[in-house]
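Structural characterization, general
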Amino acid sequence: MKRTLWGFMLLLGLAVPAGAKMQVVATLPWIGSVLREIGGDKIQVTMLVKPSQDPHMIEAKPGMILAARKADALFFNGLDLEIGYVPLLIDSSRNPKIQPDKPGYFDCSRFVDPIEVPESVDRRQGDVHPLGNPHYHFSAPAVLKISEGMAQTLGQLDPAQAAWYQANAEAFAARLRAKQETWAVVPLQGKRFVAHHRMYEYLAKEYGFTISGYVEPKPGIPPSSGYIETLLKSMEQSKPDGILVSPYSSKKEAAYISAQTGVKVILLPHDVGAVPETGDYLAFINTVLEAVK
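A short tour of the structure in this document, coming up. (Residues numbered from 1 in each chain as written. Predicted model: local features only at pLDDT ≥ 70, side-chain atom pairs only at ≥ 80, totals over all residues. Heavy atoms only, no water.)

Before going further, it helps to examine the environment of Y136. Summarising the element assignment, Y136 is placed in the loop between β4 (105-107) and α5 (140-157). Separated by 64 residues in the primary sequence, Y136 and Y200 place their C-alpha atoms 8.5 Å from one another. Excluding residues within four positions of it along the chain, Y136 makes contact with W30, N77, L79, C108, S109, V112, A142, I146 and Y202. A distance of 2.5 Å separates a polar side-chain atom of Y136 from the backbone oxygen of N77. (Helix = DSSP H or I, 4+ residues; strand = E, 2+ residues; numbered from the N terminus. Contact = heavy atoms within 4.5 Å. Polar contact = N/O pair within 3.5 Å; in protein donor to acceptor, adjacent residues only side chain to side chain.)

Structure below.
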């Protein structure tokens, strides 16, 4: 009897109080954007990473720990993109609601089929992600699956509003599918690009273009002058349609390569809010595709 009562009290402690907004922490802007679509005014979203920041270079801050301590749920990208700070936040927060065995621990990547999973990893390969390429948010179908999982989890944490979350998720899915029909005719099949970082592979796979080279010789490693000269020679053969760079990446190498080859530099937002036209997830993908078409 005591064990049953204790379990009931624990469940009450993990549930969202009636009438209160659910406190949700999202690591990345795109995650926060989709959560707001589904949760509306029933949730309060705190985002840990700013749109202007490089998501690979984030460190835990006291304010992040405080946000995690108050959270009813933590939603993160996964595939070790946040390996440098999310485990520390979870441990330091001492918040039972966001521990790995609780509903408030939401790894978005569990709804994704990762690409570029290496057979082996060592530091000589650069900043390689052992669980696969983590930049799947460029894939609208992947985000659609994640949004469905978000609605289920929010409903589990806040049963009184479960129907609300489900209805919002369905409305978001309908808008996203309608946009996908428009995006499907964007003329990208057969195009070639050089990218600064291995960030756009899901987008390339989905829309049929090729990334024929990288400004970085290895992920996270700045290029040497010798490597740049080798890249210039390869671009003479591949004849790319553009050089893809993110707002936070170094622009000087891309500018030099562009000056030497005449290939234009294309600024692609890496996340929601990275440029003014990307206020939500649908606008983000739309802006990306408009830039590369």
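Further notes follow.
This next bit is on the sheet that holds β4. The strand order across the open sheet built from four strands is β2-β1-β3-β4, with neighbouring strands paired in parallel fashion. Bordering the open sheet on either side are β2 (43-47) and β4, each of which pairs with just one other strand. Averaged over neighbouring strand pairs, the angle between their axes works out to 20° when direction is ignored. In terms of strand pairing, strand β1 (residues 22-26) meets β2 through five bridges, oriented parallel. The residue bridging M22 from the neighbouring strand is I43, located in β2. Sheet strands touched by helix α2 (residues 29-39): β1, β2 and β3 (73-76). Its angle to β2, the strand with the most contacts, is close to 175°. (Pairing = 2+ DSSP bridges. Axes fitted to C-alpha atoms, helices over the stretch in contact; angles between N-to-C directions.)

Turning our attention to the pairing of strand β6 (residues 210-214). As paired elements, strand β5 (residues 192-195) and β6 share four bridges and run parallel to each other. Among the inter-strand pairings, R192 is bridged to a residue of β6, identified as T210. At this point the chain moves from β5, through helix α7 (residues 201-207), to the parallel β6, and the crossover so formed is right-handed. (Right-handed = clockwise from strand over helix to strand, strands pointing away.)

Ordered by their spatial adjacency, four strands build an open sheet running β6-β5-β7-β8, and the pairing between neighbours is parallel. Either end of the sheet is taken by a strand with one partner, and the two such strands are β6 and β8 (265-267). Pairwise comparison of adjacent strand axes, ignoring direction, gives a mean angle of 35° for this sheet. Seen against the sheet, helix α8 (residues 225-238) touches β5, β6 and β7 (242-245) and runs at an angle of roughly 155° to β6.

Another aspect to go through is the packing of aromatic side chains. Considering all chains together, one arrives at nine aromatic pairs under this definition. Ring centres of W30 and Y136 lie 5.8 Å apart, and the angle between their planes is 85°; on these two criteria the pair is classed as edge-to-face. Taken as a pair, W30 in helix α2 and Y136 in the loop between β4 and α5 lie far apart in primary sequence, 106 residues in all. Residue Y136 is classed as buried on the basis of its relative accessible area of 0%. Residues F76 and Y105 carry aromatic rings whose centres are separated by 5.1 Å and whose planes lie at 70° to one another, so their mutual orientation is edge-to-face. Taken together, the residues F76 in strand β3 and Y105 in strand β4 connect sequence positions 29 residues apart. (Phe/Tyr/Trp six-rings, centres within 6.5 Å; stacked < 30°, edge-to-face > 60°. Buried < 20%, exposed > 50% of the residue type's maximum accessible area, 1.4 Å probe, protein only.)

Mapped onto the fold, N95 is located in the loop between α4 (86-93) and β4. In contact with N95, other than residues within four places in its own chain, are A68, R69, K70 and A71.

Right, let's talk about unusual backbone geometry for a bit. Backbone geometry places R94, a non-glycine residue, at a positive phi of 55°. Along the chain, the position of R94 falls in the loop between α4 and β4. Owing to a relative accessible area of 75%, R94 belongs among the exposed residues under this scheme. For K239, which is not a glycine, the phi torsion comes out positive at approximately 50°. In this structure, K239 sits in the loop between α8 and β7. Residue classification places K239 among the exposed residues on the basis of a relative accessible area of 61%.

With that settled, consider the pairing of β7. Because side chains alternate across β7, one face comprises the buried residues G242 and L244, and the other comprises I243 and V245, equally buried. Pairing of β5 with β7, which is carried by three bridges, proceeds in the parallel orientation. The residue of β7 that forms the bridge with F193 is G242. A crossover connection joins β7 to the parallel β8 through helix α9 (residues 252-261); in handedness this β-α-β unit is right-handed.

Scanning the entire structure with this criterion turns up six salt bridges. A salt bridge links D72 to K97; the nearest nitrogen and oxygen atoms lie 2.8 Å apart. One end of the pair, D72, is in the loop between α3 (62-70) and β3; the other, K97, is in the loop between α4 and β4, and 25 residues separate them in sequence. Of the two residues, D72 and K97, both sit in the buried class. One salt bridge in this structure joins E148 and R177, with 3.9 Å as the shortest N-O distance. Separated by 29 residues along the polypeptide, E148 in helix α5 and R177 in helix α6 (residues 162-183) bring together distant segments of the chain. The partly exposed category is assigned to E148, whose relative accessible area is 36%. R177 sits in the partly exposed class, given a relative accessible area of 42%. (Salt bridge = Lys/Arg side-chain N within 4 Å of Asp/Glu carboxyl O.)

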